[in-house]
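# Fold and geometry: a report
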Amino acid sequence: MADPRPVDLRSDTVTRPTAAMRSAMAQAEVGDDVYGEDPNVNALEAEVAALFGHEAALFAPSGTMANQIALQVLVPPAGELLCDADAHIVTYEMAAAATYGGISTRTWPAVGADVDPDQVAAMIRPDGYWAVATRAIAVEQTHNRGGGGVIPLDTLRQLRRIADDAGIGLHCDGARIWHAHVADGVPLASYGELFDTMSVCLSKGLGAPAGSVVVGSAEKIERARLIRKRMGGGMRQAGILAAAGRHALAGHVDRLAEDHVRAARLAEALAPYGVLAGQVRTNIVPLDLTKFALDAPAFGAAARAEGVLVSVLGPRMARLVTHLDLDDAGVERAVSVLTSIFRR
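Residues numbered from 1 in each chain as written. Predicted model: local features only at pLDDT ≥ 70, side-chain atom pairs only at ≥ 80, totals over all residues. Heavy atoms only, no water.

## Topic: the nonpolar core
Counting residues in each nonpolar core, the largest one holds 51 residues, and the members touching the most others are Phe52, Phe59, Ile137, Trp178, Tyr191, Leu202 and Val213. Of the residues forming this core, the biggest block, five residues, is contributed by helix α7 (residues 153–166). Sequence-distant contacts of Trp178, that is, excluding residues within four places in its chain, are made with Leu51, Phe52, Leu188, Val200, Cys201, Leu202, Leu206, Leu249, Val253 and Leu256. Of all hydrophobic cores here, the second largest spans 27 residues; its members include Ala269, Leu287, Phe292 and Phe299. (Core = buried A, V, L, I, M, F, W, Y, C linked by side-chain atoms within 4.5 Å. Buried < 20%, exposed > 50% of the residue type's maximum accessible area, 1.4 Å probe, protein only. Helix = DSSP H or I, 4+ residues; strand = E, 2+ residues; numbered from the N terminus. Contact = heavy atoms within 4.5 Å.)

## Things to note about the pairing of strand β8 (residues 212–216)
Within β8, five of the five residues are buried, leaving the element largely enclosed by the surrounding structure. Burial of β8 is two-sided: the residues Ser212, Val214 and Gly216 facing one way and the residues Val213 and Val215 facing the other way are all buried. Summarising the sheet, strand β2 (residues 56–60) and β8 pair through five bridges and their orientation is antiparallel. Across the sheet, the residue bridging to Phe59 is Val213, located in β8. As paired strands, strand β7 (residues 197–201) and β8 are joined by four bridges and run antiparallel to one another. Note that in β8 the partner of Cys201 across the bridge is Ser212. (Pairing = 2+ DSSP bridges.)

## Details of the pattern of salt bridges
This structure, assessed with the given rule, holds 22 salt bridges. Two residues, Glu47 and Arg246, come together in a salt bridge whose shortest N-O distance is 2.7 Å. Separated by 199 residues along the polypeptide, Glu47 in helix α2 (residues 39–51) and Arg246 in helix α11 (residues 239–251) bring together distant segments of the chain. Its salt-bridge partner being Glu258, residue Arg262 comes within 3.8 Å of it at the nearest N-O pair. Taken together, the positions of Arg262 and Glu258, both in helix α12 (residues 256–270) and four residues apart, correspond to about one turn of that helix. For Arg262, a relative accessible area of 14% corresponds to the buried category. Each of Arg255, Glu258, Asp259, Arg262 and Asp328 takes part in salt bridges that share partners, so that together they form one network. (Salt bridge = Lys/Arg side-chain N within 4 Å of Asp/Glu carboxyl O.)

Dropping the structure here:
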(Lines give C-alpha, C1' and ligand atoms only; values in the text may rest on other atoms or scores of the structure.)
Protein backbone atom coordinates (compact mmCIF):
# COMPACT_ATOMS: atom_id res chain seq x y z
CA MET A 1 0.00 0.00 0.00
CA ALA A 2 1.36 3.41 -0.97
CA ASP A 3 2.28 5.83 1.81
CA PRO A 4 -0.53 8.47 1.86
CA ARG A 5 1.58 11.06 3.64
CA PRO A 6 3.15 13.79 1.48
CA VAL A 7 6.89 13.96 0.98
CA ASP A 8 7.66 17.27 2.66
CA LEU A 9 10.65 19.02 1.12
CA ARG A 10 9.65 22.53 2.15
CA SER A 11 12.12 22.92 5.01
CA ASP A 12 14.08 21.10 7.70
CA THR A 13 11.89 22.94 10.21
CA VAL A 14 9.07 20.44 9.57
CA THR A 15 10.78 17.65 11.49
CA ARG A 16 9.05 16.10 14.48
CA PRO A 17 10.75 14.93 17.68
CA THR A 18 11.87 11.32 17.56
CA ALA A 19 10.58 8.86 20.15
CA ALA A 20 13.90 9.07 22.00
CA MET A 21 13.77 12.86 21.98
CA ARG A 22 10.21 12.84 23.30
CA SER A 23 11.35 10.55 26.11
CA ALA A 24 14.19 12.92 27.00
CA MET A 25 11.73 15.80 27.09
CA ALA A 26 9.25 13.91 29.25
CA GLN A 27 11.93 13.01 31.78
CA ALA A 28 13.62 16.42 31.85
CA GLU A 29 14.34 17.96 35.23
CA VAL A 30 13.18 21.58 35.10
CA GLY A 31 13.29 24.84 37.00
CA ASP A 32 12.57 28.51 36.39
CA ASP A 33 15.02 29.63 33.73
CA VAL A 34 14.35 33.35 34.25
CA TYR A 35 15.84 32.82 37.71
CA GLY A 36 18.64 30.78 36.15
CA GLU A 37 17.40 27.64 37.89
CA ASP A 38 16.59 25.27 35.04
CA PRO A 39 19.29 22.56 35.07
CA ASN A 40 18.74 21.44 31.48
CA VAL A 41 18.86 24.97 30.11
CA ASN A 42 22.03 25.67 32.08
CA ALA A 43 23.59 22.44 30.80
CA LEU A 44 22.60 23.14 27.21
CA GLU A 45 24.07 26.64 27.33
CA ALA A 46 27.33 25.34 28.80
CA GLU A 47 27.56 22.55 26.20
CA VAL A 48 26.98 24.82 23.21
CA ALA A 49 29.41 27.45 24.50
CA ALA A 50 32.07 24.76 24.91
CA LEU A 51 31.47 23.35 21.43
CA PHE A 52 32.25 26.73 19.88
CA GLY A 53 35.03 27.64 22.32
CA HIS A 54 33.17 30.57 23.85
CA GLU A 55 32.66 31.54 27.46
CA ALA A 56 28.88 31.53 27.59
CA ALA A 57 25.63 30.97 25.72
CA LEU A 58 21.94 31.83 26.01
CA PHE A 59 18.93 29.69 25.07
CA ALA A 60 16.31 31.55 23.02
CA PRO A 61 12.90 30.48 21.69
CA SER A 62 13.71 31.01 18.01
CA GLY A 63 16.45 31.69 15.50
CA THR A 64 15.07 35.11 14.69
CA MET A 65 15.16 36.15 18.34
CA ALA A 66 18.65 34.71 18.76
CA ASN A 67 19.94 36.68 15.77
CA GLN A 68 18.29 39.88 16.89
CA ILE A 69 19.62 39.56 20.44
CA ALA A 70 23.14 39.11 19.07
CA LEU A 71 22.82 42.06 16.73
CA GLN A 72 21.66 44.33 19.53
CA VAL A 73 24.66 43.22 21.59
CA LEU A 74 27.03 44.25 18.79
CA VAL A 75 25.31 47.26 17.22
CA PRO A 76 23.99 50.22 19.24
CA PRO A 77 20.86 52.07 18.10
CA ALA A 78 21.54 54.10 14.95
CA GLY A 79 24.60 52.00 14.20
CA GLU A 80 25.05 50.12 10.94
CA LEU A 81 25.16 46.41 10.16
CA LEU A 82 26.59 45.06 6.89
CA CYS A 83 25.30 41.78 5.44
CA ASP A 84 24.37 40.31 2.07
CA ALA A 85 21.08 41.22 0.38
CA ASP A 86 19.67 37.69 0.72
CA ALA A 87 20.65 37.23 4.38
CA HIS A 88 18.00 35.75 6.63
CA ILE A 89 18.32 38.67 9.04
CA VAL A 90 17.15 41.15 6.39
CA THR A 91 14.89 38.85 4.36
CA TYR A 92 12.90 36.76 6.81
CA GLU A 93 13.10 38.51 10.19
CA MET A 94 10.41 41.12 9.58
CA ALA A 95 12.71 44.17 9.80
CA ALA A 96 13.38 43.31 13.46
CA ALA A 97 16.84 44.89 13.44
CA ALA A 98 15.33 48.27 12.65
CA THR A 99 12.16 47.79 14.67
CA TYR A 100 13.66 46.56 17.93
CA GLY A 101 17.32 47.49 17.72
CA GLY A 102 17.18 50.78 15.82
CA ILE A 103 19.83 49.23 13.58
CA SER A 104 20.51 50.50 10.08
CA THR A 105 21.43 47.79 7.56
CA ARG A 106 23.34 48.06 4.30
CA THR A 107 23.86 45.10 2.01
CA TRP A 108 26.27 43.82 -0.59
CA PRO A 109 24.80 42.08 -3.68
CA ALA A 110 23.35 38.67 -2.97
CA VAL A 111 25.81 35.95 -3.92
CA GLY A 112 25.05 33.40 -1.19
CA ALA A 113 28.16 31.83 0.27
CA ASP A 114 30.42 33.45 -2.34
CA VAL A 115 31.51 36.43 -0.25
CA ASP A 116 34.15 38.90 -1.48
CA PRO A 117 36.03 40.17 1.60
CA ASP A 118 37.51 43.12 -0.32
CA GLN A 119 34.03 44.28 -1.28
CA VAL A 120 32.89 44.05 2.33
CA ALA A 121 35.96 45.94 3.55
CA ALA A 122 35.28 48.75 1.07
CA MET A 123 31.77 49.21 2.46
CA ILE A 124 32.81 49.90 6.06
CA ARG A 125 32.12 53.46 7.17
CA PRO A 126 34.15 54.82 10.11
CA ASP A 127 32.95 57.30 12.71
CA GLY A 128 32.61 60.88 11.58
CA TYR A 129 31.85 62.53 8.25
CA TRP A 130 28.14 62.65 9.19
CA ALA A 131 27.74 59.11 7.94
CA VAL A 132 26.17 56.17 9.79
CA ALA A 133 29.10 54.31 11.29
CA THR A 134 29.46 50.59 10.61
CA ARG A 135 29.43 48.60 13.85
CA ALA A 136 29.29 44.97 12.70
CA ILE A 137 29.31 42.53 9.78
CA ALA A 138 27.02 39.51 9.64
CA VAL A 139 27.35 36.35 7.55
CA GLU A 140 25.15 33.26 7.22
CA GLN A 141 26.57 29.74 7.48
CA THR A 142 25.24 27.75 5.68
CA HIS A 143 23.43 30.20 3.42
CA ASN A 144 19.70 29.53 3.12
CA ARG A 145 18.79 31.46 -0.03
CA GLY A 146 22.28 30.70 -1.31
CA GLY A 147 21.29 27.06 -1.71
CA GLY A 148 22.90 25.76 1.47
CA GLY A 149 26.30 27.03 0.36
CA VAL A 150 29.23 26.93 2.76
CA ILE A 151 31.42 30.00 3.22
CA PRO A 152 35.06 28.79 3.12
CA LEU A 153 37.01 29.03 6.35
CA ASP A 154 39.67 31.21 4.71
CA THR A 155 37.01 33.74 3.67
CA LEU A 156 35.73 33.90 7.23
CA ARG A 157 39.27 34.42 8.50
CA GLN A 158 39.71 37.33 6.11
CA LEU A 159 36.46 38.85 7.38
CA ARG A 160 37.72 38.47 10.95
CA ARG A 161 40.87 40.41 10.09
CA ILE A 162 38.80 43.10 8.35
CA ALA A 163 36.52 43.44 11.38
CA ASP A 164 39.51 43.64 13.73
CA ASP A 165 41.22 46.30 11.62
CA ALA A 166 38.02 48.37 11.61
CA GLY A 167 37.28 47.80 15.29
CA ILE A 168 33.84 46.35 14.59
CA GLY A 169 32.03 43.13 15.44
CA LEU A 170 31.48 39.97 13.40
CA HIS A 171 28.29 37.92 13.79
CA CYS A 172 27.44 34.53 12.36
CA ASP A 173 23.86 33.50 11.68
CA GLY A 174 24.78 29.86 12.15
CA ALA A 175 21.31 28.40 11.93
CA ARG A 176 22.71 25.54 9.81
CA ILE A 177 26.36 25.73 10.82
CA TRP A 178 26.13 22.08 11.83
CA HIS A 179 25.80 21.27 8.12
CA ALA A 180 28.92 23.29 7.29
CA HIS A 181 30.79 21.43 10.04
CA VAL A 182 29.77 18.05 8.62
CA ALA A 183 30.25 18.99 4.96
CA ASP A 184 33.74 20.50 5.29
CA GLY A 185 34.97 18.85 8.48
CA VAL A 186 35.75 22.22 10.07
CA PRO A 187 35.67 21.92 13.87
CA LEU A 188 32.92 23.95 15.51
CA ALA A 189 35.53 25.65 17.69
CA SER A 190 37.36 26.82 14.55
CA TYR A 191 34.20 28.60 13.51
CA GLY A 192 33.58 29.88 17.01
CA GLU A 193 36.96 31.56 17.38
CA LEU A 194 36.22 33.82 14.43
CA PHE A 195 33.00 35.42 15.65
CA ASP A 196 32.09 37.83 18.42
CA THR A 197 28.56 36.43 18.51
CA MET A 198 26.82 33.46 16.92
CA SER A 199 23.29 32.13 16.76
CA VAL A 200 22.93 28.37 16.22
CA CYS A 201 19.64 26.59 15.66
CA LEU A 202 18.42 23.35 17.20
CA SER A 203 15.08 23.10 15.39
CA LYS A 204 16.20 22.68 11.77
CA GLY A 205 18.53 19.85 10.79
CA LEU A 206 19.00 18.72 14.37
CA GLY A 207 15.28 18.03 14.70
CA ALA A 208 14.43 19.66 18.04
CA PRO A 209 10.93 21.18 18.23
CA ALA A 210 12.11 24.69 19.07
CA GLY A 211 15.05 26.74 20.22
CA SER A 212 18.27 28.47 19.20
CA VAL A 213 21.33 29.47 21.19
CA VAL A 214 23.26 32.75 21.25
CA VAL A 215 26.99 32.27 21.81
CA GLY A 216 29.55 34.84 22.94
CA SER A 217 31.71 36.11 25.76
CA ALA A 218 30.43 36.12 29.33
CA GLU A 219 30.01 39.91 29.17
CA LYS A 220 28.07 39.77 25.91
CA ILE A 221 25.79 36.98 27.12
CA GLU A 222 25.04 38.87 30.31
CA ARG A 223 23.80 41.75 28.14
CA ALA A 224 22.03 39.28 25.85
CA ARG A 225 20.05 37.91 28.79
CA LEU A 226 18.63 41.36 29.50
CA ILE A 227 17.74 41.86 25.84
CA ARG A 228 16.03 38.45 25.71
CA LYS A 229 13.84 39.41 28.68
CA ARG A 230 13.01 42.76 27.08
CA MET A 231 11.95 40.97 23.89
CA GLY A 232 9.70 38.57 25.77
CA GLY A 233 11.97 35.57 25.40
CA GLY A 234 12.37 34.71 29.07
CA MET A 235 10.81 31.25 29.36
CA ARG A 236 10.15 29.47 32.62
CA GLN A 237 10.41 25.66 32.73
CA ALA A 238 12.23 25.68 29.43
CA GLY A 239 14.23 22.58 30.31
CA ILE A 240 11.67 20.47 28.44
CA LEU A 241 12.79 22.17 25.22
CA ALA A 242 16.44 22.31 26.27
CA ALA A 243 16.39 18.54 26.85
CA ALA A 244 15.33 18.09 23.22
CA GLY A 245 18.22 20.29 22.14
CA ARG A 246 20.72 18.34 24.24
CA HIS A 247 19.43 15.08 22.80
CA ALA A 248 19.82 16.50 19.28
CA LEU A 249 23.38 17.63 19.91
CA ALA A 250 24.31 14.21 21.27
CA GLY A 251 22.82 12.17 18.45
CA HIS A 252 21.75 14.17 15.43
CA VAL A 253 24.83 16.07 14.25
CA ASP A 254 26.79 13.34 12.48
CA ARG A 255 23.66 12.01 10.79
CA LEU A 256 23.36 15.27 8.83
CA ALA A 257 25.64 13.57 6.31
CA GLU A 258 22.64 11.42 5.37
CA ASP A 259 20.68 14.56 4.49
CA HIS A 260 23.56 15.69 2.27
CA VAL A 261 23.56 12.38 0.41
CA ARG A 262 19.81 12.59 -0.16
CA ALA A 263 20.06 16.18 -1.37
CA ALA A 264 22.78 15.09 -3.79
CA ARG A 265 20.47 12.35 -5.09
CA LEU A 266 17.73 14.92 -5.76
CA ALA A 267 20.22 17.20 -7.49
CA GLU A 268 21.55 14.37 -9.64
CA ALA A 269 18.03 13.45 -10.76
CA LEU A 270 17.01 17.04 -11.56
CA ALA A 271 20.27 18.21 -13.18
CA PRO A 272 19.31 17.04 -16.70
CA TYR A 273 16.36 19.44 -16.69
CA GLY A 274 18.52 22.54 -16.29
CA VAL A 275 16.81 23.83 -13.17
CA LEU A 276 19.56 23.57 -10.55
CA ALA A 277 20.48 27.05 -9.31
CA GLY A 278 23.93 26.09 -8.04
CA GLN A 279 26.14 23.40 -6.60
CA VAL A 280 24.48 21.31 -3.90
CA ARG A 281 26.81 21.08 -0.92
CA THR A 282 24.55 20.35 2.02
CA ASN A 283 20.81 19.71 2.48
CA ILE A 284 19.31 22.42 0.24
CA VAL A 285 18.58 21.99 -3.47
CA PRO A 286 17.85 25.40 -5.08
CA LEU A 287 15.79 25.47 -8.26
CA ASP A 288 15.75 28.23 -10.87
CA LEU A 289 12.63 27.87 -13.03
CA THR A 290 13.34 30.86 -15.28
CA LYS A 291 13.51 28.68 -18.40
CA PHE A 292 10.81 26.23 -17.34
CA ALA A 293 7.24 26.41 -18.63
CA LEU A 294 5.73 26.57 -15.14
CA ASP A 295 6.51 29.38 -12.73
CA ALA A 296 7.37 28.51 -9.14
CA PRO A 297 3.82 28.73 -7.71
CA ALA A 298 2.46 26.55 -10.53
CA PHE A 299 5.33 24.09 -10.11
CA GLY A 300 4.67 23.94 -6.37
CA ALA A 301 0.96 23.34 -6.97
CA ALA A 302 1.67 20.56 -9.48
CA ALA A 303 4.03 18.84 -7.05
CA ARG A 304 1.59 19.19 -4.17
CA ALA A 305 -1.17 17.61 -6.25
CA GLU A 306 1.01 14.51 -6.49
CA GLY A 307 2.03 14.42 -2.83
CA VAL A 308 5.33 16.32 -2.83
CA LEU A 309 5.64 19.62 -0.96
CA VAL A 310 8.25 22.14 -2.11
CA SER A 311 9.06 25.65 -0.95
CA VAL A 312 8.25 28.54 -3.30
CA LEU A 313 10.68 31.39 -2.66
CA GLY A 314 9.79 33.70 -5.52
CA PRO A 315 8.12 33.86 -8.93
CA ARG A 316 10.75 31.60 -10.49
CA MET A 317 12.63 30.29 -7.47
CA ALA A 318 11.88 27.09 -5.55
CA ARG A 319 13.74 25.02 -2.98
CA LEU A 320 13.95 21.42 -1.80
CA VAL A 321 15.31 20.62 1.67
CA THR A 322 16.24 17.21 3.05
CA HIS A 323 15.92 16.49 6.75
CA LEU A 324 15.54 14.01 9.61
CA ASP A 325 12.00 12.92 8.65
CA LEU A 326 12.88 12.16 5.02
CA ASP A 327 14.10 8.68 4.12
CA ASP A 328 15.41 7.14 0.89
CA ALA A 329 11.95 5.98 -0.15
CA GLY A 330 10.66 9.54 0.21
CA VAL A 331 13.51 10.85 -1.93
CA GLU A 332 12.79 8.35 -4.68
CA ARG A 333 9.10 9.19 -4.58
CA ALA A 334 9.98 12.88 -4.91
CA VAL A 335 12.35 12.12 -7.80
CA SER A 336 9.58 10.27 -9.63
CA VAL A 337 7.04 13.06 -9.15
CA LEU A 338 9.33 16.00 -9.89
CA THR A 339 10.99 14.50 -12.94
CA SER A 340 7.57 13.65 -14.36
CA ILE A 341 6.55 17.32 -13.96
CA PHE A 342 9.72 18.49 -15.70
CA ARG A 343 9.14 16.07 -18.59
CA ARG A 344 5.67 17.42 -19.36
